[in-house]
Amino acid sequence: MSPPCHTSALLLVFVALAVAGAEQSEERSCDVVGDESTESQMERALLKKLEPLSHMRFNVTVEKGKTENYIYHFRVCREVNSTSHDFGGLVQTDRQSGKTTVIGRINETQVFNGSDWIMLIYKGGDSYGRHCSGEKRRAVIMISCKRGVTASSFSIISEEREKEQECFYLFEMDSSVACPAENSHLSVGSILLITFVSLIAVYIIGGFLYQRLVVGAKGMEQIPHFAFWQDLGNLVADGCDFVCRSKPRNAPAAYRGVGDDQLGEESEERDDHLLPM
């Protein structure tokens, strides 16, 4: 093989390995039960809504006497152990024997919601064996709305395995992703207040520019309708004086100055007799 052909072959092998490695490193996400063409817009929207939780891992330990001691591992639309390639989204580990059991797989997902909750179901888990007619396990995760919390309080509620069919594990957790969108509409009072403040601002700024640039006013005269506002203050003061006055307006003043009308007539007695004759 010539050197150019040898180099090209090595390059192709390198690219193939890189692509294969990239595909393996990329984590697989939830696949809704059924064909891809049958997925509804609501299901796609709910899966997108759950994406902020996909990078998180949740664990809960359950002890029932000496016979049952398990740890449940859960991820939202991601494999718990991506290296095993078993699509396990919720896995049970026996703390005594170390045995792992897949409760539900992300490639058989169902999802629906209500006003303030999202129900995520992983189907296609490992077989029950003696219970539930040997059907495959199923995990039901109820995600309830709790604003301000990305995710918390993951716990197992119960395991229904005494029926002949449709057995399941029930889990619950709190998250803000299940909360409905908040309507940020303004009240009528807020709209009127904003309108009033906007009109006042336009009046002051527009009037100031007109007085300064067109009329050529300076100082306080730049305030629009300055004379009116100046008189308005006096009118308001008079109004307050009229409304808040505690004494009648015709009451005599407590103190009166001494005027000319209070001075008696000049005495006509003269002191001419005191002058020397």
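If you're wondering where the values come from, they're calculated on a predicted model, not measured in any experiment.

Trainee: I'm lost on the sheet that holds strand β1 (residues 57-64) in this one. Help?
Mentor: In a beta sheet, neighbouring strands pair by backbone hydrogen bonds and run either parallel or antiparallel. Taken in spatial order, the 8 strands of this open sheet run β1-β2-β3-β4-β5-β6-β8-β7, and their pairing is mixed. Every other strand in the sheet has two partners, leaving β1 and β7 (152-160) as the edge strands with one partner each. Within this sheet the neighbouring strands show an average axis-to-axis angle of 25°, counted without direction. As judged from the 5 bridges shared by strand β2 (residues 68-75) and strand β3 (residues 88-94), these two strands associate in the antiparallel manner. Bridging across to β3, H73 finds its partner in V91. Against the sheet, helix α2 (residues 41-49) contacts β4 (100-113) and β5 (117-124), and its axis sits at roughly 120° relative to β4.

Trainee: Looking at this structure, how should I read the environment of Q92?
Mentor: Take Q92: it is sitting in strand β3. When its relative accessible area of 7% is taken as the criterion, Q92 is described as buried. Sequence separation of Q92 and I103 is 11 residues, and the distance between their C-alpha atoms is 6.6 Å. In contact with Q92, not counting residues within four places along its chain, are Y70, I71, Y72, K99, T100, T101, I103 and Y169.

Trainee: It is not clear to me how the nonpolar core should be interpreted in this structure. Could you clarify?
Mentor: Soluble globular proteins tend to pack their nonpolar side chains together in the buried interior. Ranked by internal contacts, the top residues of the largest apolar core, which has 34 residues, are L50, Y72, F74, L90, Y122 and I141. For this core, the secondary-structure elements that each account for two or more residues are α2, β1, β2, β4, β5, β6 (139-145) and β8 (168-175). Apart from the residues lying within four places of it in its own chain, the contact partners of L90 are Y72, H73, F74, V80, T101, V102, I103, G104, Y122, A139, I141 and F171.

Trainee: Would you mind showing me how to read the packing of aromatic side chains here?
Mentor: Describing an aromatic ring pair means giving the distance of the ring centres and the angle of the ring planes. The full count for this structure, using the stated rule, is 10 aromatic pairs. Between F74 and F154, the aromatic rings sit 5.2 Å apart at their centres with planes inclined by 15°, giving stacked as the arrangement. With a gap of 80 residues between them, F74 in strand β2 and F154 in strand β7 connect regions that are remote in the sequence. Here F74 and F154 have matching classes, each one buried. Each member of the aromatic cluster is reached from another via a ring pair, and the members are F58, Y70, Y72, F74, Y122, Y128, F154, Y169 and F171. Between R28 and the ring centre of F87, over which it is positioned, the NZ or CZ distance is 4.0 Å. Between R137 and the ring centre of Y128, over which it is positioned, the NZ or CZ distance is 4.7 Å.

Thresholds applied
Counting restarts for each chain: residues are numbered from 1 in the order of the written sequence. Side-chain atom pairs in this predicted model are given and counted only at pLDDT of 80 or more, local residue features only at pLDDT of at least 70, and totals for whole chains, interfaces and linings cover all residues. Calculated side-chain values reflect all of the structure's heavy atoms, with hydrogen atoms and water omitted. Pairing between strands requires that DSSP locate at least two bridges from one strand to the other. Only runs of H or I of at least four residues qualify as helices and only runs of E of at least two qualify as strands under DSSP, and these elements are numbered from the N terminus. The angle between two axes is taken between their N-to-C directions and runs from 0 to 180 degrees, where each axis is a line fitted to C-alpha atoms and a helix contributes only its stretch in contact. By definition in these notes, contact holds between two residues if any of their heavy atoms fall within 4.5 Å. Remark: exposure states derive from per-residue accessible area (1.4 Å probe, protein chains only) relative to the maximum for the residue type, with buried under 20%, exposed over 50%, and partly exposed in between. Side-chain atoms within 4.5 Å are what join buried Ala, Val, Leu, Ile, Met, Phe, Trp, Tyr and Cys residues into a set we call a nonpolar core. Note on aromatic pairs: the rings of Phe, Tyr and Trp (six-membered ring only in Trp) are paired at centre separations within 6.5 Å, and the planes decide the class, stacked below 30 degrees, edge-to-face beyond 60, tilted for the rest. Charge-over-ring placement is defined geometrically: NZ (Lys) or CZ (Arg) within 6 Å of the ring centre, and within 35 degrees of the ring normal.

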